[in-house]
Amino acid sequence: MLQLYLSLLLAGVVCFLLHFGSQYLIASLLRRRHPNEWKIIAEADGKPTNAIRTWIRLQLALRSPVLPALEDKAITRWRLTWRYSLWAAWLCWFGALAVQYTAR
C-alpha cells in the first residue's frame, strides 16, 4: 500500500513538471519556427511585455485553437501534453489521498 501511495505521489509530481516543462518547450518552438506568431504573444503595441504578461498571453494562446492551426506536429504534441498532464497530475494526487484515507 505504501508503494502505491508513493508511486502516485511521484507520478503526480512528474506530471506537474511535464505540464510546466511543455509550456517552456512550446514557447521555444514558437520562437524558433514561428517568430511572427511568437511576436504576437511576446509584444503588445509593438513593445516587449514583461515576463508575467508574456506568460499570461502564452496561456491564452495555449487554450485557443490558434496553435493547432499552425499545423506544426511538435507544437501540437506538446500542447496536448500540456493540456492532459495537469489532469493526470491531479488524478494521481487525488488517488494518493484516497489511498491515504483508506489506509487508516
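Residues numbered from 1 in each chain as written. Predicted model: local features only at pLDDT ≥ 70, side-chain atom pairs only at ≥ 80, totals over all residues. Heavy atoms only, no water.

> How do you make sense of the overall build of the protein when you look at a structure like this?
Assigned secondary structure in the protein consists of 5 helices and 2 strands. Secondary structure elements of the protein occur, N-terminal to C-terminal, as α-α-β-β-α-α-α. On C-alpha atoms alone, the protein measures out to a radius of gyration of 17 Å, which is more than a quarter above the 13 Å that the 2.2 N^0.38 rule sets for 104 residues. Counting only C-alpha atoms, the protein reaches 60 × 30 × 20 Å along its principal axes. For the protein, buried positions account for 34% of its 104 residues. Of all intrachain contacts in the protein linking residues separated by at least 6 positions in sequence, the fraction that spans at least 24 positions is 66%. (Helix = DSSP H or I, 4+ residues; strand = E, 2+ residues; numbered from the N terminus. Rg over C-alpha atoms; globule rule 2.2 N^0.38 Å. Buried < 20%, exposed > 50% of the residue type's maximum accessible area, 1.4 Å probe, protein only. Contact = heavy atoms within 4.5 Å.)

> How do you make sense of a nonpolar patch on the surface when you look at a structure like this?
A cluster of nonpolar side chains, Val13, Leu17, Trp90, Trp93, Phe94 and Leu97, forms an exposed patch at the surface whose accessible area comes to about 600 Å². No other element matches helix α5 (residues 73–102), which puts 4 residues into the nonpolar patch. Inspection of the secondary structure assignment puts Leu17 in helix α1 (residues 2–33). Since its relative accessible area comes to 59%, Leu17 is described here as exposed. (Patch = residues over 30% accessible without salt bridge, like charges linked within 9 Å, V, L, I, M, F, W, Y side chains within 5 Å. Areas by Shrake-Rupley, 256 points an atom, 1.4 Å probe, with all protein chains shown as cover. Salt bridge = Lys/Arg side-chain N within 4 Å of Asp/Glu carboxyl O.)

> What is the right way to look at the packing of aromatic side chains in this model?
To describe a pair of aromatic rings, you give the distance between the ring centres and the angle between the ring planes. Within this structure, the stated rule accounts for 4 aromatic pairs. Relative to Trp90, the ring of Phe16 has its centre 5.4 Å away and its plane inclined at 85°; by these criteria the two rings are edge-to-face. Taken as a pair, Phe16 in helix α1 and Trp90 in helix α5 lie far apart in primary sequence, 74 residues in all. Counting every residue linked through ring pairs, the aromatic cluster contains Phe16, Trp90, Trp93 and Phe94. Seen from the ring of Trp38, Arg31 lies directly overhead, with NZ or CZ sitting 4.9 Å from the centre. (Phe/Tyr/Trp six-rings, centres within 6.5 Å; stacked < 30°, edge-to-face > 60°. Lys NZ or Arg CZ within 6 Å of the ring centre and 35° of its normal.)

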